[in-house]
Amino acid sequence: MIRQYELVEIVKSYDPSADEDLLNRAYVFAMKAHGTQKRDSGEDYFTHPLEVAGILVGMHLDVATIITALLHDTVEDTLATLDEIEKLFGKEVTFLVDGVTKLSQIEFQSDKTKQAENFRKLLIAMSSDIRVLLVKLADRLHNMRTLHFVQSEKKRIRVARETMEIYAPLAERIGLHALKDELQNLAFTELHPDADQSILARLTFLREQGGGHLQPITAELKQVLEEHGIKSFIAGREKTAYSIWQKMQKKNITFEQLSDIIAFRVIVDMIPDCYRALGVIHSAYSVIPGRFKDYISTPKQNGYQSIHTAVIGPNLHRIEIQIRTKEMEKVSELGVAAHWQYKQGISHDGYQYRGLRGLLDILETAEGPEEFLEHTKLEMFQDQVFCFTPKGDLISLPHGATAIDFAYAVHSSVGDHSTGVRINGRMMPLRSELKNGDQVEIITSKSQHPSPTWERFVITGKARSSIRRFIRQQQRQQFIDLGKTLAQKAFRNEHLTFSEKILENAVEPFGVKSTEDIYASLGEGLKTTGELIRVLHPDHAVKTSSKKELITSETSRKPKEHALSLSGLIPGMAVHYAGCCHPVPGDQIIGIVTTGKGVTIHTSDCSTLEKFMDTPERWIDVDWNPESQDKESHVARIYTVLLHQPGTVASITAIIARENANIINMQITNRTEEYYEFIIDLEVNNLEHLYNIIAALRMSQHVLSVDRR
Ligand code: MN
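The structure reproduced in this document is the subject of the present report.

What counts, and where the lines are drawn
- Residues numbered from 1 in each chain as written.
- Predicted model: local features only at pLDDT ≥ 70, side-chain atom pairs only at ≥ 80, totals over all residues.
- Heavy atoms only, no water.
- Donors = N, O, S within 2.8 Å, 3.2 Å for Na, K, Ca; no water.
- Helix = DSSP H or I, 4+ residues; strand = E, 2+ residues; numbered from the N terminus.
- Buried < 20%, exposed > 50% of the residue type's maximum accessible area, 1.4 Å probe, protein only.
- Core = buried A, V, L, I, M, F, W, Y, C linked by side-chain atoms within 4.5 Å.
- Domains from an automatic or database assignment.
- Contact = heavy atoms within 4.5 Å.
- Pairing = 2+ DSSP bridges.
- Axes fitted to C-alpha atoms, helices over the stretch in contact; angles between N-to-C directions.
- 1 Å grid on protein atoms, 1.4 Å probe; cavity = no way out; pocket = protein on both sides within 12 Å on 5 of 7 lines; lining within 4 Å.
- Points joined across faces, edges and corners; volume = space filled by probe spheres on them.
- Nonpolar A, V, L, I, M, F, W, Y, C, P; charged D, E, K, R; others polar.
- Disulfide = S-S within 2.5 Å.
- Expected span 1.5 Å × (residues − 1).
- Phe/Tyr/Trp six-rings, centres within 6.5 Å; stacked < 30°, edge-to-face > 60°.

1. What about the coordination of the manganese ion?
Item 1. Each protein donor to the manganese ion is listed here as His48 (NE2), His72 (NE2), Asp73 (OD) and Asp139 (OD); together their distances run 2.2 to 2.3 Å.
Item 2. Of note, the donors binding the manganese ion are all from one chain and are spaced H-x23-H-D-x65-D. Pair noted here: histidine 72 is in the loop between helix 4 (63-71) and helix 5 (74-77) and aspartate 139 is in helix 8 (residues 130-145), with a separation of 67 residues, a long-range link. Of the two residues, histidine 72 and aspartate 139, neither departs from the other in class, the shared state being buried.

So, in C-alpha cells, the structure goes:
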C-alpha cells in the first residue's frame, strides 16, 4: 500500500509546485472521516481512497485530482459534507468530489439498463470535468482488484459484468489502454473462471516448453534492428488471458493451435524509424499474412497510433509486434490523460480541461476521421440529457427536452396518445423539463390526441413535426369532410348527379392528385363548387354563386358535439374549469381537489399544476365522457396578433361567428402602429371546434398569429 509520504513525494517529483500541505490535509481528512470503517478485505476503508489516489498519481495527474481521489467516498459514505470540503479544499476540489459522488449514485441504476453504450454516454454527460471520470475509473480499478474479497457471488458477478460492459469500453474510448486491459482481465477472471484457469495453465505449459523465451527474443530483435542502425527499446509481454480468450472467440482456432501468445513492442524515436523498423523485421522473418495494420497513417478514433504486424520470429515462434514512437506509446498507455498530465510551464488554472471535454465527446461519437471533423460542429454531450424508461432503457434527448419530447422519442404513437407523466415515481406535468438520470413513465390513452399548445413545450424536431403532422392531418380531414358536403350540396342544387366517379374527371384540370384533394381544396376555400361544376359540366349554367353557400353550409356542417360531462368523478362533486388553461373537451385533463370548492379541471400541460406537485393526493384522473350527449359550451382562450388595419377586427369577429362560436370577452393587451395583440375568450363545444376556429383565423390575411392561451 502506498504511504502518505510516498504519495506526496511522487506528486512533488512531477509537479514541484504541488501544495504539499493541502495533500497532507486531504489525507488526514479522509482517514478521519472513514474512521473505523472496513473494506470487505477486512482492511481499513481508508486504504481504498489511498490506493485510488495512488493509481492517479501513477498517471501524473494534477493535485486537485489526487485530492479528489482521497476524498471521493467521504460525502457518500461518511458524515463529511460538501460544505466542509469547500471550506478546507476550495471550489475546484468540491466540484470534482460532487461529480464523482453523483456518478456513484447513478451507478445503482446501471444493472437495470441493457444499453451499456448509452449508459457510458450518461456517465460522460454527467462528468462535468474529465477528471471526474478519471477518478471514477481509478475507483473502479481498485474495486476490481479487491473484488475477490466480496462475499456475495451475485454482487461479484454484477460488478464484473458492469466493468466489462461499461467501464472497460469507457476506458478504451478515452484511450486508457493499460487500465482497460486490467479491468477486462479482472472481470474475465470473475465471469469465466474456468476458461481463465485453462488459459493460464496453457500459458504456463508454453512458457515451460519455450523456457521463458521473452528475453532471448527481445535480445535478438534488438540486435537485428541495431544492425540496420535503428535504436530501439523493446518490451516483451505475454498476452492477457482475456485477450487470448477474445481471439479464440473471434477466430476459429483451437486451444492447441493457439501459439502466438507473446507480443513485443518496439519503441523508436521518430515516425520514419517506425517504417524502417517494419522493413527490417519483415525482411528478417516470415510475415504472417493478414495481420499488418498501419494505425500511424490512419489513427484509431481515440488517437491511438502504432504499426501492428505478426511474424514467425526467432526460434520459429509466432509473435506479434507493435512498432511506435515514444510519444505514441505514452498516448496508448494514458490516452487522453496523456494530454492533461501535469506539465511544467502550463498555467494551472484549469487549463485545457474544457477543450479536452470536447475532445472526449468527439472521441465518443465519431465513427471515423470525417465524422470527427463533422462533430466538432455538433452538440456536445453536455447539451444532452439521458433518461430511463421504466424498463431501464436509456433515451437520449437534447438539453431542455420535456416529457413530451421523451414520449415522442419512445414512439410517435406514445407521443400522440400521452396524457400524463410520472417522473421518478411522481405525477408531473407533461411540459416538465427532464434531468439526467430521470426515470420517465409516460401514461397514454387511446382517446387522447396532441394539443397544438404542446408545440411550445417541445424542442426535438421529431416531437414538433409529429405534433404538426397530427394537426395538419386533422385539419385536412376536416377540409375533406367539408368539401364533400359542399360538393354534394352544390350538385343537388344544380340538379346534377353526383358521384366520386364523375369527380375523377376534375382531378387533372384541378391540378391535384386525387378526389380527396379536390374535396380538401373546396373545404379550404381554394376552389369553389362553381368552378368544379364548370369543369365537369362545361355546358351547364350555374344558377347560384356557391360562395355564399360555402359560408352557410360551413356553419351547418358542425359535427355532433362530443360528450361534455366528466368521467372519473364522484357524482355531485362541484367542478370548475381553471381560468389559467381553459380546458375544453378533447384536451387532456387533470383534476385538482380544492378544499371547499370541489374539483378544478386543468389541462394536463398547464403550468399551474407545478404548484400541486408536492400534494399528489390531490390529483384526480379525470376524462371527458364520450358517452354523454350533454351539450354545454366551454370557454377557451386564444391569443392573437392582428395587423393594425381598418376592418381587421370586424373580419376576425366575422370568421369566429361563421365558425359558430360566441365571443364572450375580447381584450387588447398590446397595440403598436403595426399590430394589435388580443386575448379573446370564446365559447366552444370542444377542442375540434376550437381547432377549426384557430385554423380559420390563421387563414385570414389580417392575422399574424393565433395561439391558444
Ligand atoms: Mn470508491
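2. Section: the nonpolar core
Item 1. Within the largest apolar cluster, 70 residues are counted, with the highest numbers of intra-cluster contacts made by Leu56, Ile66, Ile67, Leu71 and Phe89.
Item 2. Take this core: its biggest share by element is 9 residues, from helix 8.
Item 3. Formed jointly, this core draws a minimum of three residues from each of two domains, domain 1 (4-194) and domain 2 (207-340).
Item 4. In this structure phenylalanine 89 touches Leu22, Arg25, Ala26, Phe29, Ile67 and Leu71, once residues within four positions along its chain are discounted.
Item 5. If you look at the next biggest cluster of nonpolar residues, it comprises 25 residues, including Ala403, Leu430, Ile442 and Ala463.

3. Focus: the sheet that holds strand 19 (residues 662-671)
Item 1. Pairing in this open sheet of 4 strands is antiparallel, and the strands run 19-20-18-21 from one edge to the other. Every interior strand has two partners, whereas the edge strands, strand 19 and strand 21 (703-708), have only one. Averaged over neighbouring strand pairs, the angle between their axes works out to 20 degrees when direction is ignored.
Item 2. Two elements, strand 18 (residues 634-643) and strand 20 (residues 675-684), share 10 bridges in a ladder whose sense is antiparallel. Bridge pairing in strand 20 links threonine 640 to phenylalanine 678.

4. Thoughts on the sheet that holds strand 10 (residues 426-428)
Item 1. Taken in spatial order, the 3 strands line up as 10-9-11 in an open sheet, and their pairing is antiparallel. If you trace the sheet from one side to the other, it starts and ends with strand 10 and strand 11 (440-444), each paired once. Looking at each pair of strands side by side, their axes are set apart by 35 degrees on average, direction ignored.
Item 2. Strands in contact with helix 19 (residues 403-410) are strand 9 (418-423) and strand 11; relative to strand 11, the strand with the most contacts, it is inclined by about 80 degrees.

5. Concerning the pairing of strand 5 (residues 307-312)
Item 1. Across the 6 residues that make up strand 5, a large majority, 5, are buried.
Item 2. Summarising the sheet, strand 3 (residues 286-287) and strand 5 pair through 2 bridges and their orientation is antiparallel. By the bridge assignment, valine 287 is partnered in strand 5 with valine 311.
Item 3. With 2 bridges connecting them, strand 4 (residues 293-294) and strand 5 associate as antiparallel partners. Paired with aspartate 294 across the bridge in strand 5 is isoleucine 307.
Item 4. For strand 5 and strand 6 (residues 318-325), the ladder comprises 6 bridges, and the chain directions are antiparallel. Bridge pairing in strand 6 links histidine 308 to glutamine 322.
Item 5. From the end of strand 5 to the start of strand 6, which pair antiparallel, there are 5 residues, and asparagine 315 there has a positive phi angle of about 60 degrees.

6. With respect to the layout of surface pockets
Item 1. Looking at the largest pocket, its volume works out to about 1,000 Å³.
Item 2. Lining of the largest pocket is provided by 30 residues; of these, Lys180, Ser243, His308, Glu320 and Gln322 occupy positions nearest its centre.
Item 3. Of all the elements in the fold, those that place two or more residues in the lining of the largest pocket are helix 10 (177-191), helix 13 (241-250), strand 5, strand 6 and helix 15 (326-334).
Item 4. Of the residues assigned to the lining of the largest pocket, the class counts are 5 nonpolar, 10 polar and 15 charged.
Item 5. Residue assignment places the lining of the largest pocket across two domains, with domain 1 (4-194) and domain 2 (207-340) each supplying three or more.

7. Some thoughts on the state of the cysteines
Item 1. Applying the stated criterion across every chain, the model contains 0 disulfides.
Item 2. Free of any disulfide, cysteine 580 has its nearest neighbouring cysteine sulfur in cysteine 606, separated by 3.6 Å.
Item 3. Under the relative-accessibility criterion, cysteine 580 is labelled partly exposed at 39%.

8. Brief notes about helix 8
Item 1. Taking 1.5 Å of rise per residue, 16 residues should cover 22 Å, and helix 8 covers 23 Å from first to last C-alpha, within 8% of that figure.
Item 2. Burial analysis of helix 8 places 14 of its 16 residues in the buried class, which makes it a mostly covered element.

9. Re the packing of aromatic side chains
Item 1. As enumerated under the stated definition, the model contains 9 aromatic pairs in all.
Item 2. Relative to phenylalanine 89, the ring of phenylalanine 29 has its centre 5.7 Å away and its plane inclined at 80 degrees; by these criteria the two rings are edge-to-face. Linking phenylalanine 29 in helix 2 (residues 20-34) with phenylalanine 89 in helix 6 (residues 82-107), this pair joins segments that are 60 residues apart in sequence.
Item 3. With a relative accessible area of 13%, phenylalanine 29 lands in the buried category.
Item 4. When the centroid spacing of 5.2 Å and the interplanar angle of 80 degrees are considered together, the rings of phenylalanine 491 and phenylalanine 498 count as edge-to-face.

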